[in-house]
Amino acid sequence: MSARVRFVNAGKLYSQLKDELDAAYFDVMTHGDLIDRRHLRSFEQHLAEFVGTKYAVGLNSGYDALHVSLRAAGVGPGHEVIVPAHTFVATASAVVNVGARPVLVDVGADFNIDVGKVEEAVTPRTKAIIPVHLSGTMADMPSVMKLAERHGLAVVEDACQSLGASVDGRRAGSWGLTGCWSFYPFKILGGYGDGGAITTNDEAVARFARRIRYNGEDRETGEYHGHGFTCLLDNLQAAFLDVKLRHLPDWIRRRKALAARYRAGLEGIPGLLLPHYADPRFDHVYQNYTVRSDRGEAFSAHLREHGVEVLTQWRKPYYRHSALLLEDRGFPVTEAISREVCSLPMAVELDDAEVDFVIRTVRSFYGLEAAE
Ligand SMILES: *Cc1c(COP(=O)(O)O)cnc(C)c1O
């Protein structure tokens, strides 16, 4: 059975943007602009402006953004890096792949790192912290920055899920040494393949990233400044992303409207927690609309059976995958979230009738009639 409501519908969104995306494609192809060309520069400039930093450097993925950032911060063997227990595995893998050790810390009710629990995980070897802004709402960055300053830690923001989110009006990706971005197709700003970037206010970090993404080479002088990688954002992807970035402010408004519709239809159901948090300093852009059901997997199974595509990230926390050799120090909030999470369809191409169908399906699971 094909789903009544799909989680995302990339084909539908393409048809809405077809003229602009096709024009970008023909421009790139006609000029043969493939590697490190004007579309990449243009997108980098617009991304930096949007985030509120001096620089943006396009990379091949969000993973690369994390990896390059850790290298820029001088993280390596013998160091520890604090990461949340509830995140995508790439946050921790980037730490392991520079030779350092991830030290996991539990999250709070907003799914983001519990800053109150970071202190006890800091040791003399701690070199950096990676707060992750999950699902479209930021970690408590004012507190993270204070703590990092107190302990002399570098801050690398894993902002892959929160482009456009802010705290006190200051956007994700503009607080730490770097902000790390992913343009994986299903992110809030998604390309048509892998893509990523860092944003930073530090000129030396931007220069380092521009070289390391191109095998260490300074493209103007041809000098190699170190052993690097091949992890450049494709010019073609940058051209598509530059088109989509223009629509992002509208899309964020649409996502907030969809979230408000879910809230109106679902608020007050006992056993169902919705992703609306009280602190008005935090602006949520709803990359995901992740609810928590006390009935766990049965809830997600019901939605799927009735034609609603949902995502359950992550039923098995990454530190429980034994091959990763990570230390489980006991993370009760992450454990509870992992049992209960269910992300409902949330994408700009959804229409109100589809959201209403999801709402009815959720309510029927709890034995309730449709609202109103
Ligand atoms: C998507 C994502 C990444 C990695 O992005 P890729 O582009 O797939 O490498 C890292 N961290 C978080 C929180 C993500 O959601």
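Now for a quick tour of the structure.

Cut-off values and rules
- Residues numbered from 1 in each chain as written.
- Predicted model: local features only at pLDDT ≥ 70, side-chain atom pairs only at ≥ 80, totals over all residues.
- Heavy atoms only, no water.
- Helix = DSSP H or I, 4+ residues; strand = E, 2+ residues; numbered from the N terminus.
- Rg over C-alpha atoms; globule rule 2.2 N^0.38 Å.
- Buried < 20%, exposed > 50% of the residue type's maximum accessible area, 1.4 Å probe, protein only.
- Contact = heavy atoms within 4.5 Å.
- Areas by Shrake-Rupley, 256 points an atom, 1.4 Å probe, with all protein chains shown as cover.
- Lys, Arg positive; Asp, Glu negative; His and termini not counted.
- Charge placed at Lys NZ, Arg CZ, Asp CG, Glu CD.
- 1 Å grid on protein atoms, 1.4 Å probe; cavity = no way out; pocket = protein on both sides within 12 Å on 5 of 7 lines; lining within 4 Å.
- Points joined across faces, edges and corners; volume = space filled by probe spheres on them.
- Nonpolar A, V, L, I, M, F, W, Y, C, P; charged D, E, K, R; others polar.
- Polar contact = N/O pair within 3.5 Å; in protein donor to acceptor, adjacent residues only side chain to side chain.
- Pairing = 2+ DSSP bridges.
- Domains from an automatic or database assignment.
- Core = buried A, V, L, I, M, F, W, Y, C linked by side-chain atoms within 4.5 Å.

Overview of the overall build of the protein
In terms of regular secondary structure, the protein is built from 10 helices and 13 strands. Relative to the compact-globule value of 21 Å for 372 residues, the protein shows a C-alpha radius of gyration of 21 Å, a close match. Taken across its 372 residues, the protein has 56% of its residues classed as buried. Within the protein, residue pairs in contact and separated by at least 24 positions form 69% of the contacts whose partners lie at least 6 positions apart. With an accessible surface of roughly 16,000 Å², the protein has 51% of that area assigned to carbon and sulfur atoms. If you average the places of the 42 positive and of the 48 negative side-chain charges in the protein, the two averages end up 1 Å apart.

Notes on the side chain of K187
When you line up the elements, K187 lands in the loop between β8 (178–182) and β9 (196–200). In this view, K187 contacts C160, Q161, S182 and Q287; residues no more than four positions away in its chain are not counted.

Observations concerning the layout of surface pockets
Of the volumes computed, that of the largest pocket is approximately 790 Å³. Forming the boundary of the largest pocket are 43 residues, of which Y184, P185, F186, K187 and Q287 lie nearest the centre. Grouping the amino acids of the lining of the largest pocket by side-chain chemistry returns 24 nonpolar, 13 polar and 6 charged. If you go around the second largest pocket, you meet 16 residues; those closest to its centre are D36, R41, R210, R213 and E220. Elements supplying a minimum of two residues to the lining of the second largest pocket: α2 (38–51), β1 (55–59) and α6 (203–212).

Details of the side chain of H276
By the element assignment, H276 lies in the loop between β10 (272–273) and β11 (282–283). A distance of 3.0 Å separates polar atoms of two side chains, one belonging to H276 and the other to Y286.

Quick notes on the environment of R170
Structurally, R170 can be placed in strand β7 (residues 170–171). By relative accessible area, R170 is classed as partly exposed at 38%. Each C-alpha atom of the pair R170 and M141 lies 9.8 Å from the other, and the pair is 29 residues apart in sequence.

Notes on the sheet that holds β11
Read from one edge to the other, the open sheet built from 3 strands follows the order β7-β6-β11, with strand pairing classed as antiparallel. Across the chains shown, the open sheet's two edge strands, defined by having one partner strand only, are β7 and β11. Note: strand β6 (residues 166–167) against β11, 2 bridges, orientation antiparallel. Across the sheet, V167 pairs through a bridge with F282, a residue of β11.

Here's the deal with empty space enclosed by the protein
All chains considered together, the criterion is met by 4 cavities of 30 Å³ or more. The space that makes up the largest cavity amounts to roughly 70 Å³. Lining of the largest cavity is provided by H86, F111, L134, S135, Q161, N288, T290, Q313, W314, V341 and S343. Partitioning the lining of the largest cavity into residue classes produces 4 nonpolar, 7 polar and no charged. A domain split of the lining of the largest cavity shows at least three residues from each of domain 1 (17–242) and domain 2 (248–365). Each pocket or cavity is described by its volume, and for the second largest cavity that value is around 50 Å³. Lining of the second largest cavity is provided by D110, F111, L134, S135, T137, P275, Y277, H284, N288 and T290.

So, the nonpolar core
Core analysis: the biggest nonpolar cluster contains 54 residues, and F43, L47, I129, L163 and W181 have the highest contact counts within it. For this core, the elements supplying multiple residues, two or more each, are α1 (10–31), α2, β3 (101–105), α5 (141–151) and α7 (235–266). If you tally residues by element for this core, the top one is α7, at 9 residues. Of the residues that make up this core, three or more belong to each of domain 1 (17–242) and domain 2 (248–365). Dropping the residues within four chain positions of it, L47 is found in contact with A56, L163, W181, F183, A197, T199 and L245.

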